[in-house]
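For reference, the chains in residue letters:
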Amino acid sequence: MSDSAESASAEPIIAEVMRLFRERGESEYGGESVTQAEHALQTADLALADGAESTLVAAALLHDIGHLLHQLPDDAPDQGVDDVHEELGGRWLEKRFGPAVTEPVRLHVAAKRYMCARQPEYYDLLSEPSRISLSLQGGPMNDDEVAEFERNAFHEAAVRLRQWDDEAKIVDKVTTPLQGFTEHLRSALVDSACES
Ligand SMILES: [Fe+2]
């Protein structure tokens, strides 16, 4: 299939992403002082600034799409509920994108547990909501979990994504608008089609 044909089939998926952010993007980002859309755009901008490829920029933008797909309250972790958003998001994404997008998203919570195990000082950098969710997510990894995580081909991408994620909570930060990422989404979808 040609690139233009692949791009054409990408358009409904891009429209779906835009609709999800339009309808749910103003919801609170889990106890932080930014919205889901602000957090996603800041994460994607940090990926761009770090020179990430389009698939990882797309993963950064979409890493919390799982939060936009469920109807649990924004403060679910405060109520002791893990929304398992990385799995929800991963399942939604794998029907649309390839593993270079899907896997870092699926692993971004595991990456937090991994970094807490490998760099204990990392825990001190986490925000309070992130610490609350960490305990619901299983706490720092044990040695076996660390070894298994490092065997995953996408673990380094997941750690990069996690670091952008942790920094993307700045109130009133000016970011690239959502429409500014459509070309990266399109490239990521074309790359995904080539992988399959
Ligand atoms: Fe996030």
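Residue positions are given per chain, counting from 1 as you read along its sequence in written order. Restriction of local features to residues with pLDDT of at least 70 applies here, the model being predicted, together with a cutoff of 80 or more for giving and counting side-chain atom pairs; totals for whole chains, interfaces and linings are based on all residues. Calculated side-chain values reflect all of the structure's heavy atoms, with hydrogen atoms and water omitted.

Next up on the list: the overall build of the protein. Looking only at helices and strands, the protein has 10 helices and zero strands in total. Helix numbering and strand numbering both begin at the N terminus, where a helix is a DSSP run of H or I of at least 4 residues and a strand a DSSP run of E of at least 2. Its helices and strands in sequence order give the protein the pattern α-α-α-α-α-α-α-α-α-α, from N to C terminus. Counting over 196 residues, the protein shows a buried share of 51%. Across the protein, every contact between residues at least 6 apart in sequence was considered, and the portion connecting residues at least 24 apart equals 72%. The classification of residues rests on relative accessible area computed with a 1.4 Å probe and restricted to protein chains. Under 20% of the type maximum is buried, over 50% is exposed, and intermediate values are partly exposed. Residue contacts follow a heavy-atom distance rule, with two residues in contact if any of their heavy atoms lie within 4.5 Å.

Now for the packing of helix 5 (residues 99–118) against helix 7 (residues 128–136). Every axis corresponds to a line fitted to the C-alpha atoms, with the helix fit spanning only the stretch in contact, and the corresponding angles, defined between N-to-C directions, vary from 0 to 180 degrees. Relative orientation of the contacting elements helix 5 and helix 7 amounts to 95°, with a least axis distance of 10 Å. The orientation of helix 5 with respect to helix 7, classified from their angle, is roughly perpendicular. Contact with helix 5, carried on its side by Lys 112, Arg 113 and Cys 116, involves Ser 130, Ser 133 and Leu 134 of helix 7 and no other residues of that element. Polar here means any residue other than Ala, Val, Leu, Ile, Met, Phe, Trp, Tyr, Cys and Pro, which are nonpolar, and Asp, Glu, Lys and Arg, which are charged; Gly is therefore polar. Each residue belonging to the contact of helix 5 with helix 7 can be placed in one class, and the counts come to two nonpolar, two polar and two charged. Angular relationships are summarised with four words: roughly parallel below 35 degrees, roughly antiparallel beyond 145, roughly perpendicular across 65 to 115, and oblique for the angles in between.

This next bit is on the pattern of salt bridges. Note that side chains of opposite charge can pair when their charged atoms are close. Here, a salt bridge means any side-chain nitrogen of Lys or Arg that lies within 4 Å of a carboxyl oxygen of Asp or Glu. All told, the structure shown has 12 salt bridges when counted by the stated rule. The partner of Glu 94 in a salt bridge is Arg 106, with the nearest N and O atoms 2.7 Å apart. With a gap of 12 residues between them, Glu 94 in helix 4 (residues 85–94) and Arg 106 in helix 5 connect regions that are remote in the sequence. Look at Arg 106 and you get buried, because its relative accessible area is 18%.

Two rings from Phe, Tyr or Trp (for Trp, the six-membered ring) form a pair when their centres sit within 6.5 Å of each other. Planes less than 30 degrees apart are called stacked, planes more than 60 degrees apart edge-to-face, and all others tilted. Per the counting criterion, the structure on display carries one aromatic pair. Taking 4.6 Å as the distance between ring centres and 35° as the angle between the ring planes, the aromatic pair formed by Tyr 114 and Phe 149 counts as tilted. Taken together, the positions of Tyr 114 in helix 5 and Phe 149 in helix 8 (residues 143–151) put the pair 35 residues apart, joining distant regions of the chain. Grouping residues by exposure puts Tyr 114 and Phe 149 together as buried. Above the face of the Trp 92 ring, Arg 96 is positioned so that its terminal group lies 3.9 Å from the ring centre. We call a charge positioned over a ring when the NZ of a Lys or the CZ of an Arg lies within 6 Å of the ring centre and within 35 degrees of the ring normal.

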